Amino acid sequence: MLREMLGLLSITFFLLATGCTRTASSPAGFRLPDGDAANGRMAFLYMQCHQCHTVAGEEFPEIPHADPPYVELGGTVSKVKTYGELVTAIINPSHELAAGYAAEIVSENGESNMYNYNGYMTVQELTDLVVFLQPHYNVVTPKYDYRIYP
Ligand code: HEC
C-alpha cells in the first residue's frame, strides 16, 4: 500500500515539475510532416544553396561567381544535429550561427550572411531540405585520451 502511494506521489511530482516548464513558446508538440530527400536535393540546387554551402559526400555543379568561404553542411559532428536545429538554421539562421566559423566570416552585426528564404520557400521544400541534409551528419563521440597519472 505504502509503495503504491509513494509511486503515485512521485508521478504527481514528476507531472507538476514538467508541467511547470511548459511555456507558451515551448517547442513541445512541434512536428512537421515528413519530407522527401530526393526532392530536398533538387530544392537545394534550384535555390542555389550550394552558392555558399558544400555538403559532405555530395558533388554539386559549380556556380559561376560564387564567393566562398563555403560553410560545410553535414560531416562529422560531436552531437546529433536535431530536426529542430536544422529547421531553425534554415528559417531563422541568425538564432545560432554555425559553430567553427569566425563570426565576421559568416555574419555581420550578429545577422547571418545567409539569405532569407522565408517569403517564398514552401513548407514542403523546408521539410524536404531537412530530410535531405540530416543523414549527411555523422555523429562521432569524441575520444578522449585519458592519461592516468601514477
Ligand atoms: C548567401 C550565402 C548562403 C546561401 C545562399 C545559403 N546559406 Fe545557409 N548559411 C550561410 C552562412 C554564412 C551560414 C553560417 C551562419 C549561420 O549559421 O547562419 C549558413 C548556415 C546554414 C546552416 C546551419 C549550419 C550549421 O552548421 O549550423 C544550414 C542548415 C543552412 N545554412 C542551410 C541552407 C540551405 C538549405 C540553403 C538554401 C535554401 C542555404 N543554407 C543557403 C550562407 C548561406
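A few points about the coordination of the iron atom of the ligand
The expected angle between donors at a tetrahedral four-coordinate metal is 109.5 degrees. At an octahedral six-coordinate metal it is 90 or 180 degrees. In the first shell of the iron atom of the ligand, the protein supplies His53 (NE2) and Met114 (SD), at 1.9 to 2.2 Å from the metal. The class for Met114 is partly exposed, based on a relative accessible area of 29%.

Focus: the site of the ligand
Neighbouring the ligand are 22 residues; Cys49, Cys52, His53, Ala98 and Met114 lie closest to it. Here Pro93 contributes a backbone N or O atom positioned 3.2 Å from an oxygen atom of the ligand. Here Ser112 contributes a side-chain N or O atom positioned 2.7 Å from an oxygen atom of the ligand. Breaking the shell around the ligand down by element, the ones donating at least two residues are strand S2 (71–73) and helix H3 (83–91). If you tally residues by element for the shell around the ligand, the top one is H3, at 3 residues.

Observations concerning the side chain of Asp128
Among the secondary structure elements, Asp128 is positioned in helix H5 (residues 123–133). The charged side chain of Asp128 is buried without a salt bridge, its nearest counter-charge being Arg31 at 11 Å. A distance of 2.7 Å separates the side chain of Asp128 from the backbone nitrogen of Asp36, its partner in a polar contact. If we skip the residues at most four places from it in the chain, Asp128 touches Gly35, Asp36, Ala37, Asn39 and Gly40.

Conventions adopted
Residues numbered from 1 in each chain as written. Predicted model: local features only at pLDDT ≥ 70, side-chain atom pairs only at ≥ 80, totals over all residues. Heavy atoms only, no water. Donors = N, O, S within 2.8 Å, 3.2 Å for Na, K, Ca; no water. Buried < 20%, exposed > 50% of the residue type's maximum accessible area, 1.4 Å probe, protein only. Near = heavy atom within 4 Å. Polar contact = N/O pair within 3.5 Å; in protein donor to acceptor, adjacent residues only side chain to side chain. Helix = DSSP H or I, 4+ residues; strand = E, 2+ residues; numbered from the N terminus. Lys, Arg positive; Asp, Glu negative; His and termini not counted. Salt bridge = Lys/Arg side-chain N within 4 Å of Asp/Glu carboxyl O. Contact = heavy atoms within 4.5 Å.

Spatial relationships are all this shows, so hold off on functional conclusions.
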